Amino acid sequence: MKLLLVEDDPSMQTALRRALQSRGMDVQTCGDGRAALGRWQQVAPDVVLLDLSLPGLDGLQVLEQARRAGLTTPVLILTARGTVGDRIIGLNSGADDYLPKPFDLDELEARLRALHRRRAESDTESSPAPLLLGQLRYEKQSGAIYHDDKVMELTPREAALLHALMARPGHAVSKEQLFEMVFPGELDVQYEAVEVVVYRLRKKLADTGVTLMTLRGLGYLLKAG
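Bear in mind the structure is a predicted one, so any value in this text is a computation, not a measurement. (Residues numbered from 1 in each chain as written. Predicted model: local features only at pLDDT ≥ 70, side-chain atom pairs only at ≥ 80, totals over all residues. Heavy atoms only, no water.)

### Here's the deal with the pattern of salt bridges
Evaluation of the coordinates by the stated rule reveals twelve salt bridges. A salt bridge links Asp106 to Arg23, with the shortest nitrogen-to-oxygen separation between them at 2.8 Å. Of this pair, Asp106 sits in helix α5 (residues 105–125) while Arg23 sits in the loop between α1 (10–21) and β2 (26–30), and the two are 83 residues apart along the sequence. Given a relative accessible area of 47%, Asp106 falls into the partly exposed group. The exposure class assigned to Arg23 is partly exposed, which follows from its relative accessible area of 27%. Where Glu195 meets Lys175, a salt bridge forms, and the shortest distance between an N and an O atom there is 2.5 Å. Here Glu195 is found in helix α8 (residues 193–204), whereas its partner Lys175 is found in helix α7 (residues 175–182), with 20 residues between them in sequence. (Salt bridge = Lys/Arg side-chain N within 4 Å of Asp/Glu carboxyl O. Helix = DSSP H or I, 4+ residues; strand = E, 2+ residues; numbered from the N terminus. Buried < 20%, exposed > 50% of the residue type's maximum accessible area, 1.4 Å probe, protein only.)

Below you can see the structure in the form of structure tokens.
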């Protein structure tokens, strides 16, 4: 199992990493909310173990942005906030399970493996075909985008924009449509913010054989070759 551990307390992070590695898990770690989103896409984990009290973005914000970006990896929230209300908020934000601190390591392992097993069974029963465009591949189950066989290092907004365009290859997608997909519910952001994401994404696509084109008055589209 490939696990992404997002925990800002250094001693807790180290102890959990060593304990879970000793139980046969491949553990990647991150201690910052904003960095966690990028690492999530880069690592393409099987399960995410997510603390709520994080610098940069708290755990719920990380989870909400990841889900909006299309990252469907199972998430177990691990936190000192143990009230019923907190658990409900976490589950409604897209978490798959919730374990309050302090916890038993055997129970943590069992819950992580249960999430991994359910995900594997679901993938076996229904494995949607990936989106393909030239040398790019979007894996719907993990939400990761690959160039050849390497995961692209994209921000959640870049990934959301690229996914939206890959879903309609050869067709223009308007700035307004992209705005709704990249900045859902963000009322304090202007439409022009899409252009910033397009500019950054275009630079990352430079060596992939896929071009992000601007069609004046129509929007944006991807073209391979």
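### What about the packing of α7 against α8?
Put simply, α7 and α8 touch, their axes get as near as 9 Å, and they point 80 degrees apart. When the axes of α7 and α8 are compared, the pair comes out roughly perpendicular. Across from Lys175, Leu178, Phe179 and Val182 in α7, the residues of α8 making contact are Val194, Glu195 and Val197. Its residues assigned to classes, the contact of α7 with α8 shows five nonpolar, no polar and two charged. (Axes fitted to C-alpha atoms, helices over the stretch in contact; angles between N-to-C directions. Parallel < 35°, antiparallel > 145°, perpendicular 65-115°, else oblique. Contact = heavy atoms within 4.5 Å. Nonpolar A, V, L, I, M, F, W, Y, C, P; charged D, E, K, R; others polar.)

### Description of the nonpolar core
By size, the foremost hydrophobic cluster in this structure holds 30 residues, and its most contacted members are Leu161, Leu162, Met166, Leu212 and Leu222. If you list the elements that add at least two residues to this core, you get β6 (131–133), β7 (136–138), α6 (156–166), α7, α8, β10 (210–215) and β11 (219–224). Once residues lying within four places of it in the same chain are set aside, the contact partners of Leu222 are Leu133, Leu162, Leu165, Met166, Gly170, Leu205, Val210, Thr211 and Leu212. (Core = buried A, V, L, I, M, F, W, Y, C linked by side-chain atoms within 4.5 Å.)

### A few points about the packing of helix α2 (residues 33–43) against helix α3 (residues 59–68)
Interhelical geometry of α2 versus α3 gives an angle of 30 degrees and a closest axis separation of 9 Å. The interaxial crossing formed by α2 with α3 has right-handed handedness. Here Gly33, Ala36, Leu37 and Trp40 of α2 come into contact with α3, specifically with Val62, Leu63, Gln65, Ala66 and Arg67. (Left-handed = near helix turned anticlockwise from the far one by under 90°.)

### Details of the sheet that holds β7
Taking strand neighbours across the sheet as the criterion, the four strands line up as β6-β7-β8-β9 in an open arrangement whose pairing is antiparallel. Among the strands making up the open sheet, the edge pair consists of β6 and β9 (150–151). Pairing of β6 with β7 involves three bridges; the strand directions are antiparallel. Residue pairing across strands places Leu133 opposite Leu136, the latter belonging to β7. Where α6 meets the sheet, it contacts β6, β7 and β8 (145–147), and its direction lies at approximately 100 degrees from that of β7. (Pairing = 2+ DSSP bridges.)

### Some remarks on the layout of surface pockets
When its volume is computed, the largest pocket comes out at roughly 320 Å³. In terms of lining, the largest pocket is formed by 17 residues, of which the most central are Arg34, Gln65, Thr155, Pro156 and Arg157. Going through the elements one at a time, α2, α6 and α8 are the ones with two or more residues in the lining of the largest pocket. Considering each element in turn, the lining of the largest pocket owes the most residues, five residues, to α8. Considered as a void within the structure, the second largest pocket measures approximately 180 Å³ in volume. Looking at the lining of the second largest pocket, the elements that each hand over two or more residues are β9 and α8. (1 Å grid on protein atoms, 1.4 Å probe; cavity = no way out; pocket = protein on both sides within 12 Å on 5 of 7 lines; lining within 4 Å. Points joined across faces, edges and corners; volume = space filled by probe spheres on them.)

### Description of the pairing of β10
With six bridges connecting them, β10 and β11 associate as antiparallel partners. Note that in β11 the partner of Leu215 across the bridge is Gly219. Between β10 and β11, which pair antiparallel in sequence order, lie three residues; one of them, Gly217, sits at a positive phi of approximately 80 degrees.

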